[in-house]
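Single-letter residue listing:
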Amino acid sequence: MKVLEAVSTIAGKYFAVWVILTSVIAFMFPDPFLGLGGYITILLGVVMFGMGLTLKAVDFKIIFTKPLPVLIGVCAQFIIMPLVAFVIAKLLNLPAELAAGLVLLGCVPGGTASNVMVYLAKGNVPLSIAMTSVSTLLAPIMTPLILLLLAGQWMPVDAVAMFKSIVQVIIVPIVLGLAIKKFFPVGVEKSLAVLPLISVAAIITIVAAVVSGNSATIAASGLLIFTAVMLHNGFGLLLGYFAGKVLGQDEVNRRAIAIEVGMQNSGLGVALATAHFGPLAALPSVLAAAWHNISGPILATYWSKKPAVKSEVKTAVKPVEVKL
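Residues numbered from 1 in each chain as written. Predicted model: local features only at pLDDT ≥ 70, side-chain atom pairs only at ≥ 80, totals over all residues. Heavy atoms only, no water.

With that settled, the discussion passes to the overall build of the chain. Broken down by element type, the chain carries 15 helices and 0 strands. Burial status across the chain gives 56% buried among its 324 residues. Excluding contacts between residues fewer than 6 apart, the proportion of contacts in the chain whose partners are at least 24 apart in sequence is 86%. Element-wise, carbon and sulfur atoms account for 74% of the exposed surface of the chain, whose accessible area totals about 13900 Å². (Helix = DSSP H or I, 4+ residues; strand = E, 2+ residues; numbered from the N terminus. Buried < 20%, exposed > 50% of the residue type's maximum accessible area, 1.4 Å probe, protein only. Contact = heavy atoms within 4.5 Å. Areas by Shrake-Rupley, 256 points an atom, 1.4 Å probe, with all protein chains shown as cover.)

Spelled out as structure tokens, the structure:
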């Protein structure tokens, strides 16, 4: 078990490295990975099941004690990111499937790797965890609805089918994880240390599946869509920060909101794009899986060297896991 824990720690710490290496290998040698496409939904369910195992009642305390920053952050998540994606898709004149995929990336909830980035950035960790949890639970409604409004001009959007997909791959695994934790707390506690390894393995398998299936397209338009993903992430971080500033949040809350808004659940984006739009539409989320875990640590390192005025909510609670 100690060996697995050590491997799990390394897997989580260098997640971005594994994603990049996997992407390069799958791009250069796609054939061995072509059969993985059918497992994307199952693999994302495994990641969300792990999230359910780690959620605690205290994670939701801030929602009831200090709801305003959570409300600001979640609203920013579902307003800023979809609209920025829409504008970038228009300005860059992206092909229909890529445009729809970028907007889909903007419509998914925050990724749980953001919690670790907020901790490193000396931001409000409880706020970040609460935002991730709330945006994830709202995703079955908000993601299909916003996508229908913004991406329908490029691709047909079946909001009902997407709602069902999100419930199946997000809500059901999370609820199942919560139930397992309730009835088997000792066993779950012992297994928490290896969850990052499982999550990282699942995500890089998803990445390998999508990259291998779209290697030719990546070669033709990879630079364009990567530029779009970088701009999307950059504006999300910037506008998320200023949304908190304009609405009177202190520095630790601004950092949490910025990172939470800017870092998306790219794994969900890959699964939904593959299932409802096609494999090409999954490309923005695949590239985001790598880029978000490069830009996030860079920003977190910069902020970690700058003092922040602490809010009343304690921020010295270190997250126990790293998942996308």
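Right, let's talk about the packing of aromatic side chains for a bit. Tallied over the full model, the rule gives 4 aromatic pairs. Ring geometry for Tyr 241 versus Phe 242: centroids 5.6 Å apart, planes at 85 degrees, classification edge-to-face. Ring pairing ties together the aromatic residues Tyr 241, Phe 242 and Trp 303, which thus form one cluster. (Phe/Tyr/Trp six-rings, centres within 6.5 Å; stacked < 30°, edge-to-face > 60°.)

This part takes up the pattern of salt bridges. Taken as a whole and judged by the stated rule, the model has 2 salt bridges. Two residues, Glu 251 and Arg 255, come together in a salt bridge whose shortest N-O distance is 2.8 Å. Placement of both Glu 251 and Arg 255 in helix 13 (residues 251-262) is noted, with a separation of 4 residues, approximately one turn of the helix. An identical accessibility class is assigned to Glu 251 and Arg 255; each is buried. One network of salt bridges, in which partners are shared, links Glu 251, Arg 254 and Arg 255. (Salt bridge = Lys/Arg side-chain N within 4 Å of Asp/Glu carboxyl O.)

What follows concerns the side chain of Thr 22. Relative to the helices and strands, Thr 22 resides in helix 2 (residues 15-28). You can call Thr 22 buried: its relative accessible area is 14%. Those residues in contact with Thr 22, other than ones at most four positions away along the chain, are Ile 204 and Ala 208.

Turning our eyes to something else, we now look at the environment of Thr 136. Within the element layout of this structure, Thr 136 appears in helix 8 (residues 125-151). Residues contacting Thr 136, with those up to four places away along its chain left out, are Met 51, Pro 109, Gly 110, Ile 170, Ile 171 and Ile 174.

Here we take up a nonpolar patch on the surface. Together, Val 17, Trp 18, Ile 20, Leu 21, Val 24, Ile 25, Phe 27, Met 28 and Phe 29 make up an exposed nonpolar region whose accessible area comes to about 790 Å². The partly exposed category is assigned to Val 17, whose relative accessible area is 39%. (Patch = residues over 30% accessible without salt bridge, like charges linked within 9 Å, V, L, I, M, F, W, Y side chains within 5 Å.)

As a further point, take the nonpolar core. One finds Leu 102, Leu 147 and Phe 277 to be the most contacted residues of the largest nonpolar core, which totals 96 residues. Not counting the four nearest positions on each side in its chain, Leu 147 is found in contact with Ala 100, Val 103, Leu 104, Cys 107, Gly 152, Val 157, Met 162 and Phe 277. (Core = buried A, V, L, I, M, F, W, Y, C linked by side-chain atoms within 4.5 Å.)

Glancing now at the packing of helix 5 (residues 67-91) against helix 8. Direction vectors running N to C along helix 5 and helix 8 enclose 40 degrees, while the axes themselves pass 9 Å from each other. The angle between helix 5 and helix 8 places the two elements in the oblique class. Of the two possible hands of crossing, helix 5 and helix 8 adopt the one that is right-handed. Taken together, the residues of helix 8 that come into contact with helix 5 (itself represented by Pro 69, Val 70, Gly 73, Val 74, Gln 77, Phe 78, Pro 82, Leu 83 and Phe 86) are Leu 127, Ala 130, Met 131, Val 134, Ser 135, Leu 138, Met 142, Thr 143, Ile 146 and Leu 150. Its residues assigned to classes, the contact of helix 5 with helix 8 shows 15 nonpolar, 4 polar and no charged. (Axes fitted to C-alpha atoms, helices over the stretch in contact; angles between N-to-C directions. Parallel < 35°, antiparallel > 145°, perpendicular 65-115°, else oblique. Left-handed = near helix turned anticlockwise from the far one by under 90°. Nonpolar A, V, L, I, M, F, W, Y, C, P; charged D, E, K, R; others polar.)

It is worth spelling out the side chain of Asn 253 at this point. Following the sequence through the fold, Asn 253 ends up in helix 13. Look at Asn 253 and you get buried, because its relative accessible area is 7%. Within polar-contact distance, the side chain of Asn 253 engages the side chain of Asn 124 at 2.8 Å. A polar contact is formed between the side chain of Asn 253 and the side chain of Gln 249, at a distance of 2.9 Å. (Polar contact = N/O pair within 3.5 Å; in protein donor to acceptor, adjacent residues only side chain to side chain.)

Here the focus is the UniProt feature "transmembrane region" (unreviewed entry) in the chain. Under the UniProt annotation, "transmembrane region" (unreviewed entry) lies at residues 12-30, 36-58, 70-92, 98-121, 133-155, 161-180, 192-212 and 218-244. Along residues 70-92, the helical share is 96% and the strand share 0%, with 32 Å between the first and last C-alpha atoms. Split by type, residues 133-155 is 83% helix and 0% strand. Its first and last C-alpha atoms lie 29 Å apart. (UniProt positions renumbered as here; feature names shortened; annotations may be inferred.)

Attention shifts here to unusual backbone geometry. Positive phi is not limited to glycine here, since Asn 93 has a value of about 50 degrees. Judged by relative accessible area, Asn 93 falls into the exposed class, the value being 64%. Positive phi, normally seen in glycine, also occurs at Lys 122, with a value near 60 degrees. Tracing the sequence through the fold places Lys 122 in the loop between helix 7 (113-120) and helix 8. Looking at Lys 122, the relative accessible area reads 44%, which means it is partly exposed.

Bringing helix 9 (residues 159-183) into the picture now. An ideal rise of 1.5 Å per residue puts 36 Å on 25 residues; helix 9 measures up with 35 Å between its terminal C-alpha atoms. Val 167 marks where helix 9 bends most, by close to 35 degrees. (Expected span 1.5 Å × (residues − 1). Bend = angle between axes of the 7 residues up to and from the residue.)

This part covers the environment of Leu 36. Following the sequence through the fold, Leu 36 ends up in the loop between helix 2 and helix 3 (40-54). Looking at Leu 36, the relative accessible area reads 24%, which means it is partly exposed. The spatial distance from the C-alpha of Leu 36 to the C-alpha of Gly 213 is 9.3 Å, given a sequence separation of 177 residues. Those residues within four positions of Leu 36 in sequence are excluded, and the remaining contacts are Thr 205, Ala 208 and Ala 209.

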